[in-house]
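Descriptive analysis of the structure
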Amino acid sequence: GAGVSQTPSNKVTEKGKYVELRCDPISGHTALYWYRQSLGQGPEFLIYFQGTGAADDSGLPNDRFFAVRPEGSVSTLKIQRTERGDSAVYLCASRGNTGELFFGEGSRLTVL
Amino acid sequence: TQLLEQSPQFLSIQEGENLTVYCNSSSVFSSLQWYRQEPGEGPVLLVTVVTGGEVKKLKRLTFQFGDARKDSSLHITAAQPGDTGLYLCAGDPNAGGTSYGKLTFGQGTILTVHP
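Our subject in this report is the structure included herewith. (Residues numbered from 1 in each chain as written. Chains lettered and ligands numbered in written order. Predicted model: local features only at pLDDT ≥ 70, side-chain atom pairs only at ≥ 80, totals over all residues. Heavy atoms only, no water.)

Side note on the side chain of A:S75
Residue and element names in this part refer to chain A. Here is the rule we go by: Here a strand is any run of E in DSSP of at least two residues, a helix any run of H or I of at least four, and the numbering for each starts at the N terminus. We call two N or O atoms a polar contact when they sit within 3.5 Å, provided that within protein one can donate a hydrogen and the other can accept it, with sequence-adjacent residues counted only if both atoms are side-chain atoms. Throughout, a residue-residue contact means that at least one pair of heavy atoms, one from each residue, lies within 4.5 Å.
Secondary-structure assignment places S75 in strand β8 (residues 75–79). Within the structure, S75 has its side chain in polar contact with the side chain of W34 (distance 2.9 Å). A polar atom in the side chain of S75 sits 2.9 Å from the backbone oxygen of V68. Apart from residues no more than four positions distant in its own chain, S75 is found in contact with L21, R22, C23, L32, W34, F49, V68 and R69.

Here it is in structure tokens:
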């Protein structure tokens, strides 16, 4: 499709495990964002990529979280040693020349 | 840290009623956006307001940006069941530069419109 694609849509894991969440942005969008949305809350900024580089990673909560975008298109958010508090919907968005953010449907992560 | 407070958190009304959602902050934002989010989907942009005092209309929805660019409101006239959803305001502290698109979201207002 033409929108932002995120996989998996749902991920259930056990505490302490490693997870990867993938985002495929709209073709041609150079800016990519990861946000996290906890139940009953608005999204919280995690990290912003301009091309291949992380322009702003100030929202990553700790060093268990890491994100890459090696070819300036697909991005992967990596979470090590998951904790129950990491349970949330992880949203990816990309931005084109109009400045509008287009969000994917999110990856719902549940840590048991 | 810039915060956006939305009120009310929950709103349950009958079809045909009017409603207003408020978004307030002690900080100035260069622009403010309103999004609508349905269950299992990502937020979808409704409008961006940039100028203090600006009013934008989108069919039955009216958006206003405060004169000091610290607050905003969303007014829906004659609400319909199809308006049901989570409404989010989001502020951008800086236009352009590396923070553009790094939004601060309010906690959202869950609107339910009953037929």
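Some points on the interface of chain A and chain B
Often, the extent of an interface is quoted as the loss of accessible area on bringing the components together. For clarity, the threshold we go by: A simple way to read buried area is as the amount of 1.4 Å-probe accessible surface that goes missing from two parts once joined, with both sides added. By convention in these notes, a salt bridge is any Lys or Arg side-chain nitrogen within 4 Å of a carboxyl oxygen on Asp or Glu.
Counting residues at the interface gives 19 residues for chain A, matched by 18 residues for chain B. A combined buried area of about 1500 Å² lies between chain A and chain B, and 54% of that area is made up of carbon and sulfur atoms. Linking chain A to chain B there are one salt bridge. Two residues, B:K102 and A:D56, come together in a salt bridge whose shortest N-O distance is 3.1 Å.

Points about the state of the cysteines
Simply put, the disulfide is a covalent bond whose two ends are the sulfur atoms of two cysteines. Quick note on the threshold: Criterion for a disulfide: a pair of cysteine sulfur atoms within 2.5 Å. Throughout this description, buried means an accessible area under 20% of the type-specific maximum (1.4 Å probe, protein chains only), exposed means over 50%, and partly exposed covers the range between.
Applying the stated rule across the entire model yields two disulfides over all chains. There is a disulfide in this structure between A:C23 and A:C92, and the S-S distance comes to 1.9 Å. On the S-S bond that ties A:C23 to A:C92, the torsion sits near -70 degrees, and the link is left-handed. Placement of A:C23 in strand β3 (residues 19–24) and of A:C92 in strand β9 (residues 88–95) is noted, with a sequence separation of 69 residues between them. One exposure class covers both A:C23 and A:C92, and it is buried. The partner cysteine of B:C23 in its disulfide is B:C89, sulfur to sulfur 2.0 Å. Because the torsion about its S-S bond is 75 degrees, the bridge between B:C23 and B:C89 counts as right-handed. Of the two residues, B:C23 sits in strand β3 (residues 19–24) while B:C89 sits in strand β9 (residues 85–92), which places them 66 residues apart along the sequence. Note on accessibility: B:C23 and B:C89 belong to one class, buried.

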